[in-house]
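# Structural description and commentary
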Amino acid sequence: MIEIRGVSKSFQGEKAVDGISLTVKQGAIYGLLGSNGAGKTSLLKTLAGIYRPEEGTVTIGGQPVFEQPEVKNGIIFMPDIPYFFPQASLRTMADFYRSIYPKWSDRRFKELEAAFKLDTRRKLSRFSKGMQRQASFWLALSCMPEVLIMDEPIDGLDPVMRRQIKNLLFQEVADRGLTVMISSHNLREIEDLCDHIGIMHHGRMLVERELDELKADTHKVQVALRDERHATALTAKLQVLHQETRGSVRLYIVKGDRARIEQAFRVYDPYVLDLLPLTLEEIFIYEMGDAGYDAQPILL
Amino acid sequence: MFELDIRSRKPIYEQLTDKIKELIVHGILQPDEQLPSVRTLSSQLTVNPNTIQKAYRELEREGYIYSLQGKGSFVAPLGPEQKGGKRAEVRGELLRLMAEAVYLGFTESEIGALYRQALEQKRGEKA
């Protein structure tokens, strides 16, 4: 279990991570989302024990992480740009990881050959971006980690490989209770992959919830009302995050229980009423809009 | 066993519970039949195992399935409660369709004929 309590980290006086607390249960797949420069990478690096938290504590399984080799043996951090030694091949990188990670499994490394089909003798620098990404996954999974931390891991992978890697991660979660923490801007992928998500902005956590709960809690309502006046009555009764009018159809983003919201609208017997669950992308945009971060209608 | 629509807005966990309920109500999954393990279903559908676990828990809570320690999950015999829930759902659907049918000028006897047609089909399947 990952516990982050009141963690802050600054660079040259600027707070990249500002008093963040979060808990990730063992076997969970946690998606960390956020605006550019929100502090996602800094938080992940603090969690991995690469940065020392200035304030607060980071523990994994109850043990602090920073400069604790025992704990770090079970953690893999995959940076956003894969790094390999100059001239290295998968085979020589495997030798290196074997010497660093005591839980390294040669058996696992061999098994995964069927999944990745990369030439282990070829120089990694001659691999494409996506193939290098595959190589990092191959090495990471062979270290048999308990916690896998990945910064923007989906970049450059083709759809077949995405599926393959997702499947591998799901198996590790189901079989060994691997805990995964992943940051990405690819919300479609995060939506399929994660069970919990956190949205960061300016070093702080805006929302942190179970994904299904979050989706069950926010609804998009498209409605054509019989009378203009009904709209004011409705907005007074409901927690409306956002509203728009397109001709005679109104669009509301409403927080709350689906049945209750539907009931509230039904009372006015509207011409049209549609309640849709939000996509993660919509949740992200509306939550960010709430925090004062939205796309401006600028024409250049 | 079934396909999920990952493009759909409906949460995957809801799609899962709905699909399994449908299979149970239509008798495609028979009482006491074993459901695939979380791990198997996860790799078949490429769905987060925690999501499948959650769907199974929800189905168990609603009485559609039961689980045996160390053996897995099984289909529970359909009780009046599950049928009641499904009936309410179908009633809502029908009402919505009827409203559309009325608007399009369907007569009562036409709708009656459709009911009889469905009944015939069901009998045909059993025979």
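So, how was this worked out
- Residues numbered from 1 in each chain as written.
- Chains lettered and ligands numbered in written order.
- Predicted model: local features only at pLDDT ≥ 70, side-chain atom pairs only at ≥ 80, totals over all residues.
- Heavy atoms only, no water.
- Pairing = 2+ DSSP bridges.
- Helix = DSSP H or I, 4+ residues; strand = E, 2+ residues; numbered from the N terminus.
- Axes fitted to C-alpha atoms, helices over the stretch in contact; angles between N-to-C directions.
- Buried < 20%, exposed > 50% of the residue type's maximum accessible area, 1.4 Å probe, protein only.
- Arc of directions from axis to C-beta.
- Polar contact = N/O pair within 3.5 Å; in protein donor to acceptor, adjacent residues only side chain to side chain.
- Contact = heavy atoms within 4.5 Å.
- pLDDT = per-residue confidence, 0-100.
- Buried area = accessible area lost by both parts, 1.4 Å probe.
- Salt bridge = Lys/Arg side-chain N within 4 Å of Asp/Glu carboxyl O.
- Nonpolar A, V, L, I, M, F, W, Y, C, P; charged D, E, K, R; others polar.
- Core = buried A, V, L, I, M, F, W, Y, C linked by side-chain atoms within 4.5 Å.
- Domains from an automatic or database assignment.

Hydrogen bonds between backbone groups are what pair the strands of a sheet, and the pairing can be parallel or antiparallel. All names here are of chain A. With mixed pairing, six strands are arranged side by side in an open sheet as S6-S7-S8-S3-S9-S10. Looking along the sheet, the strands with just one partner apiece sit at the ends: strand S6 (75–78) and strand S10 (204–210). Taken over all neighbouring pairs, the strand axes of this sheet differ in orientation by 15° on average, direction set aside. Of the pairings in the sheet, the one linking strand S7 (residues 147–151) to strand S8 (residues 179–183) comprises five bridges and is parallel in character. Bridge pairing links Ile-149 to Met-181 in S8.

To continue, consider helix H3 (residues 90–100) of chain A. For H3(A), the set of buried residues is Leu90(A), Met93(A) and Ala94(A). With its buried residues spanning 105° around the axis, H3(A) presents them on a single face.

All names here are of chain A. Its location among the elements puts Glu-287 in helix H12 (residues 280–290). Only 3.4 Å separates the side chain of Glu-287 from the side chain of Lys-255, close enough to count as a polar contact. Residue contacts for Glu-287: discarding those within four places in its chain leaves Leu-206, Val-207 and Lys-255.

Further remarks concern the confidence of the model for chain B. All names here are of chain B. On average, residues of chain B score 88 in pLDDT, and 98% of them reach the 70 mark or higher. Mean pLDDT values for the elements of chain B range from 84 in helix H4 (residues 80–103) up to 94 in helix H3 (residues 49–61). Two summary scores accompany this predicted model of the complex, namely pTM at 0.85 and ipTM at 0.83.

Quick look at the interface of chain B and chain A now. Listed by partner, the interface residues are 19 residues for chain B and 25 residues for chain A. Carbon and sulfur atoms make up 47% of the surface buried where chain B meets chain A, a total of about 1700 Å² over both sides. Summed over the shared surface of chain B and chain A, the result is four salt bridges. Glu210(A) is the salt-bridge partner of Lys54(B), the closest N and O atoms lying 2.9 Å from each other. Between the two partners, chain B and chain A, sit 11 residue pairs in polar contact (both at pLDDT 80 or more). The element that contributes the greatest number of residues to the side of chain B that touches chain A is helix H2 (residues 38–45) of chain B, accounting for five residues. The class makeup of the residues in the side of chain B that touches chain A is seven nonpolar, seven polar and five charged.

All names here are of chain A. Leu-90, Phe-116, Leu-148 and Ile-197 are the most contacted members of the largest nonpolar core, which totals 55 residues. Looking at which domains feed residues into this core, each of domain 1 (2–213) and domain 2 (218–290) gives three or more. If we ignore the near neighbours within four places in the chain, the residues touching Ile-197 are Tyr-30, Gly-31, Leu-33, Ile-190, Val-207, Glu-208, Arg-209, Leu-211, Leu-214 and Leu-280. Core analysis: the second largest hydrophobic core is formed by 25 residues, Ile-2, Ile-4, Val-7 and Tyr-30 among them.

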